Amino acid sequence: MKTILNIIYTRYFALLLVVLMPVSLLAQKTSLSGYIRDAATGESLIAATVHIKEADQSAVSNNYGFYSVSVPQGKYTVIFSYVGYSQKEITIDLSKNQSFNAEMVSSTEMKEVKVTSARKDENVKNTEMGTITLSMARIKELPVLFGEVDILKTLQLLPGVQSAGEGNSGFYVRGGGPDQNLVLLDDAVVYNTGHLFGFFSVFNSDAIKDVTLIKGGPAANYGGRLSSVVDVYMKEGNMKEYHAEGGIGLIASRLSLQGPIKKDKGSFIVSGRRTYIDVLAKPFTDKLKNTGYYFYDANMKANYKLGKHDRIYLSGYMGVDKFKFQSPNGNFKADIPWGNQTATFRWNHQFNDKLFVNTALVYNDYNFASNFNQNTFSVKLASGIKDYNAKSDFDYYTSYNHHFKAGVAYTHHTFIPNQISGQVDTIKLDPNNAFTKYAHETGAYILDDFEPTKWWKINVGLRYSWFGQTGPYMAYTYDANGKATDSTKYGSGNIVKAYGGWEPRFNMRFELNDNSSIKTSIAKTYQYIHLVSNNGSTLPTDVWAPSTLLVNPQKAWQYSAGYFHNFLDNKLETSVEVYYKDMKNQIQYKDGYTPNSLEDPERSYVFGTGTAYGAEFFINKTQGKFTGWIGYTLAWTYEKFPGLNNGESFPNKYDRRHDISVVGSYKFNKKWNVSSVFVYGSGNAITLPTAYYFVNGSLREYFSKVNAFRLPSYHRLDISATYTPQHSKPHRWEGSWTFSVYNVYDHHNPYFLYVDNQGTASTGIKVTVYEVYILPILPSITYNFKF
């Protein structure tokens, strides 16, 4: 029955697109188009609202600040609004097509309270479900670990999003794994999102403009992941004047420089961050020379207007973690570096007042290496993924205010699995990269965002994705004992195995009145690359793997519905969302798996199905001296693998029944702002031994069913206070002090459990389960500055 419904949905969406497209071609109207920017910096404002009062017609700017709206000829009052900025109102004669670039002035009072980069009633008016945009101004007010502002940890405070563990920036969305989140930085995929084994995210807050989380049904322009999209945009740089900002914290410092390349034509921003954990630890590790850990990252972005209709961007990111260890006698050395590198070139072109295109070229390289040396023996373990990507996205605004988007994308992947090499004296071990894999991935989409009536808005789209594993590749046939009996060789560029499928997306809003609406969403998604892990978080030792001859792509249908209501003149936003997700071809390692560099790891995968469903409750106060939100999630996530748990379903390790977050911020005056965060979550599911027995004098463990036990519940309170000195006269230097306390009441949240056993067959075995916690109460202080 479900298969029949899915076929009907797919064909219905395709037919709807074909039927609706000609509607926009029936007539022409007068259009108003242009760009919306920050008056002080020239930064483009994403999702700013243009409202034509007399026609009661609105439009929203795209990711580059461009907007276009069509109305009958006449004189109109046009209102430009963007939360955090003073409203701009103009009167304009639209007897013919007009172009107007709106420069918005930041409002100090509104900047203090903004939570979303959208108009006040966007929570009720748009079609998007499970979508939240957070400004960096709001994120920076919240208490943080070691004083390091972290956008991913802030996302964990939203309903439907769970943290990977104590202090970890890894996250799970609606029952999905960490690899099922598409994390983008200026169109470049970020494969490893954490520094310090996940305790800090790779995003430097000073370089980020805003971040959008999509955990419901994503629009058709996004593809490649099952669970969510985290779309992060870097600042463009100040086009008016030069500025610097930064911060000095307990374990890291950061500095950003930005300014015009040519005033009002081009700008740049350069931002860097580095920890000094290695320096602080030196006095305590004087016997361990060349030992320490640190990370650094750098962001760069430049843009330039080639003319009225053309603009180019060049952005890049580089982040490196490095751990070194040397034994006191110098006989043993370890060097473990890992990191991401991305580069993005984009070209914006405006063909006319209705058609806008962005073309991007993206390079992405993630690698992990571990080098170990002891006397004359050395060994190196390496893995990674490298991408080359090209894409074009079109925005077309019709005369009848249908906003069409269409685009194509291509990516060439190179996957390097755990690959071992080494040397003993003069003997070298240098494998021939037999397990390196190559693939092509493409996608094309079209969508339409429109309002058939004032109370009914639809976003409907269709995406087609295709993935092909290519040679060089050697495919083996194995017998029942796992011994290779035959092989097939594929040459370079030859298609080994191809997959593809249609991905319909449908989002709809029914407006009940000015303050409330009902929304529904249906989405099918495919995922062709996978992060198969035994861990509960995204660690650098995990390996990305493609869909291949043996590994089918993951796929999912997600259905969701919600009720949205605003109170107090849109100052208080509330919502209730329910969802159901059906996932196929989920991947785990088989029972008893241990890494083996001499065997392709995909032979140790097992495949199954997953189901996730739940309800999310959200109350969000966006304006006034006191702002904040309360989020509560009630959720269930189960998996079923024929090769695990005797084929019975079991709770996923991401299954967490209750998840609560309470976030508050209060502005006492211009000098003092205080914030607090309280979180509570049910314990994660784990597998533990339930019995011990001896076989021929050797102790054996008997384990429970998969994930039959739970860790203790997690809860924590954090507080912070920010003091901003005020000057009686204008002052170029602005500074502030942030004092924060992590885990105020020093609750011992377990990082992991381990089982210790003592005794013999004759005396009996005493078994003890120990909890290990690593983050007690932690105060911190950070000085932030700007000039």
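Residues numbered from 1 in each chain as written. Predicted model: local features only at pLDDT ≥ 70, side-chain atom pairs only at ≥ 80, totals over all residues. Heavy atoms only, no water.

Digging into the overall build of the chain
Applied cut-off: The way it works is that DSSP assigns letters per residue, a run of H or I at least four long becomes a helix, a run of E at least two long becomes a strand, and they are numbered from the N terminus. For the exposure calls, accessible area comes from a 1.4 Å probe over protein chains only, and a residue counts as buried if that area is under 20% of its type's maximum, exposed if over 50%, partly exposed in between. Should any heavy atoms of two residues lie within 4.5 Å, those residues are considered in contact. Only the protein chains shown count as cover for residues, and the accessible areas themselves come from Shrake-Rupley with a 1.4 Å probe.
For the chain, the helix and strand inventory stands at six helices and 51 strands. Within the chain, buried positions represent 54% of all 787 residues. A sequence separation of at least 24 residues applies to 65% of the contacts in the chain between residues at least 6 apart. Accessible surface, the chain as shown: approximately 34100 Å² in total, 58% of it carbon and sulfur.

Some thoughts on empty space enclosed by the protein
Note the following rule: Points on a 1 Å grid, built from protein atoms alone, make a cavity when a 1.4 Å probe fits but cannot get out and make a pocket when they are open with protein on both sides within 12 Å along at least 5 of 7 lines; residues with an atom within 4 Å of a point are the lining residues. Grid points are joined across faces, edges and corners, and a volume is the space filled by probe spheres set on the points. Basically, the charged four are Asp, Glu, Lys and Arg, the nonpolar ten are Ala, Val, Leu, Ile, Met, Phe, Trp, Tyr, Cys and Pro, and anything else, Gly included, counts as polar.
Under the defined criterion, the tally for this structure stands at nine cavities of 30 Å³ or more. Taken as a whole, the largest cavity spans an internal volume of roughly 750 Å³. For the lining of the largest cavity, the secondary-structure elements that each account for two or more residues are β12 (181-185), β13 (188-189), β17 (228-234), β24 (355-374), β25 (377-397), β26 (403-424), β28 (437-453) and β29 (456-470). Volume-wise, the second largest cavity comes out at about 140 Å³. Every residue lining the second largest cavity is counted, 15 residues in all, and those nearest its centre are Pro178, Asn181, Val183, Tyr191 and Thr193. Tallied by class, the residues present in the lining of the second largest cavity amount to nine nonpolar, four polar and two charged.

Observations concerning the pattern of salt bridges
To be explicit about the condition: Between Lys or Arg on one side and Asp or Glu on the other, a salt bridge is scored when a side-chain nitrogen of the former is within 4 Å of a carboxyl oxygen of the latter.
All told, the structure shown has 28 salt bridges when counted by the stated rule. Between glutamate 648 and lysine 705 there is a salt bridge; the shortest N-O distance is 3.0 Å. Of this pair, glutamate 648 sits in the loop between β39 (626-640) and β40 (650-651) while lysine 705 sits in the loop between β45 (698-703) and β46 (709-710), placing them 57 residues apart in sequence. Three or more residues are tied together by salt bridges with common partners; here these are Asp186, Asp187, Lys301, Arg346, Lys391 and Asp393.

Some points on the environment of valine 772
Note on placement: valine 772 falls in strand β50 (residues 764-772). Each C-alpha atom of the pair valine 772 and phenylalanine 752 lies 5.5 Å from the other, and the pair is 20 residues apart in sequence. What valine 772 contacts, discounting residues up to four positions off in sequence, is Asn749, Pro750, Tyr751, Phe752 and Tyr754.

A closer look at unusual backbone geometry
Omega for the peptide link from glycine 471 to proline 472 comes to 5°, which places this bond in the cis form. Position of proline 472 among the secondary structure elements: in the loop between β29 and β30 (473-478). Here aspartate 186, not a glycine, exhibits a phi torsion of approximately 50°, which is positive. Positionally, aspartate 186 belongs in the loop between β12 and β13. In this model, leucine 568 sits at a positive phi of 55°, which is unusual for a non-glycine residue. Mapped onto the secondary structure, leucine 568 falls in the loop between β36 (554-567) and β37 (572-589).

Thoughts on the nonpolar core
One recurring pattern in soluble globular proteins is that nonpolar side chains are buried together. Put simply, the rule is: For our purposes a nonpolar core is just a set of buried Ala, Val, Leu, Ile, Met, Phe, Trp, Tyr and Cys residues, chained together by side-chain atoms within 4.5 Å.
In terms of nonpolar packing, the biggest core is built from 63 residues, with Leu158, Phe203 and Val230 touching the most fellow members. Leucine 158 has contacts with Ile132, Leu134, Leu213, Phe618, Trp629 and Ser661, leaving out every residue within four places of it along the chain. Residues Leu45, Val50, Ala59 and Tyr82 belong to the second largest nonpolar core, which totals 20 residues.

Observations regarding the side chain of serine 61
Going by this rule: Identification of polar contacts relies on pairs of N or O atoms within 3.5 Å, with a donor-acceptor requirement for protein atoms, meaning one able to donate a hydrogen and the other able to accept it, and with residues adjacent in sequence counted only if both atoms are side-chain atoms.
Note on placement: serine 61 falls in the loop between β3 (57-60) and β4 (66-71). Only 2.8 Å separates the side chain of serine 61 from the backbone oxygen of leucine 45, close enough to count as a polar contact. In contact with serine 61, not counting residues within four places along its chain, are Ile36, Leu45, Ile46, Ala47, Ala48, Phe66 and Tyr67.

Looking at the sheet that holds β13
Going by this rule: At least two bridges found by DSSP between two strands is the condition for calling them paired.
Taken in spatial order, the five strands make up an open sheet running β9-β16-β17-β12-β13, and their pairing is mixed. The sheet is open, and its two borders are formed by β9 (131-135) and β13, each paired with just one other strand.

Things to note about the sheet that holds strand β6 (residues 88-93)
Note the threshold: For helices, the axis comes from a line fit to the C-alpha atoms of the stretch in contact; other axes are also lines fit to C-alpha atoms, and the angle between any two N-to-C directions lies between 0 and 180 degrees.
As summarised here, the arrangement of the four strands in space is β3-β2-β5-β6, forming an open sheet in which the pairing is antiparallel. Only two strands of the sheet have a single neighbouring strand rather than two, namely β3 and β6. Neighbour-to-neighbour, the strand axes of the sheet open up by a mean angle of 20°, direction not taken into account. Pairing of strand β2 (residues 49-52) with β3 involves four bridges; the strand directions are antiparallel. Opposite isoleucine 52, over in β3, you have glutamine 57 as the bridge partner.

Observations regarding the environment of glutamate 639
Within the element layout of this structure, glutamate 639 appears in strand β39. A sequence separation of 29 residues divides glutamate 639 from glycine 610, and the C-alpha atoms of the two residues are 4.3 Å apart. If near-sequence neighbours (up to four positions away) are discounted, glutamate 639 is found in contact with Gln586, Gln588, Thr609, Gly610, Glu648, Ser649, Phe650 and Asn652. One polar contact links glutamate 639 to glutamine 588, side chain to side chain, over a distance of 2.7 Å.

Notes on the confidence of the model for the chain
What counts is decided by this rule: Values of pLDDT, ranging from 0 to 100, describe the predictor's confidence in every residue of the model.
Averaged over every residue, the pLDDT of the chain is 83; the share at 70 or more is 88%. Considering only residues more than four positions removed or in separate chains, one finds that residues 109-119, a stretch of pLDDT under 50, has 41 contacts.

Here we look at the packing of aromatic side chains
The way to describe two aromatic rings as a pair is by their centre distance and the angle between their planes. This is how the line gets drawn: Only rings of Phe, Tyr and Trp enter the pairing, Trp through its six-membered ring, and a pair is recorded when the two centres are within 6.5 Å. The plane angle decides the type: under 30 degrees is stacked, over 60 is edge-to-face, the rest tilted. Only when the NZ of Lys or the CZ of Arg is both within 6 Å of the ring centre and within 35 degrees of the ring normal is a charge said to sit over the ring.
With the rule as written, the count across this model stands at 35 aromatic pairs. Consider the rings of phenylalanine 617 and tyrosine 632, whose centres lie 5.9 Å apart with planes at 25°: the pair is stacked. Of this pair, phenylalanine 617 sits in strand β38 (residues 605-621) while tyrosine 632 sits in strand β39; the two residues are 15 residues apart in sequence, bridging distant segments of the chain. A relative accessible area of 23% places tyrosine 632 in the partly exposed class. Grouping aromatic residues by their ring pairs yields a cluster made of Tyr35, Tyr64, Phe66, Tyr313, Phe356 and Tyr397. Over the aromatic face of tyrosine 294 sits the side chain of arginine 274, whose NZ or CZ is 4.3 Å from the ring centroid. Cation over ring: arginine 346 sits above tyrosine 313, and NZ or CZ is 5.3 Å from the ring centre.

Concerning the pairing of β36
Taken together, the twelve bridges between strand β33 (residues 516-527) and β36 define a ladder with antiparallel strand orientation. What sits directly across from alanine 523, in β36, is glutamine 558. Sheet topology places β36 next to β37; 13 bridges connect them, and they run antiparallel. Among the inter-strand pairings, glutamine 558 is bridged to a residue of β37, identified as lysine 581. Between the antiparallel neighbours β36 and β37 lie four residues, among them leucine 568 with a positive phi of about 55°.

Considering the pairing of strand β20 (residues 266-275)
The pairing of strand β19 (residues 252-262) with β20 spans ten bridges and is antiparallel. The residue bridging proline 260 from the neighbouring strand is serine 267, located in β20. Connecting the antiparallel pair β19 and β20 is a turn made up of three residues, with aspartate 264 showing a positive phi of about 65°. Of the pairings in the sheet, the one linking β20 to strand β21 (residues 292-305) comprises nine bridges and is antiparallel in character. From the neighbouring strand, arginine 274 faces β21, where its bridge partner is tyrosine 296.

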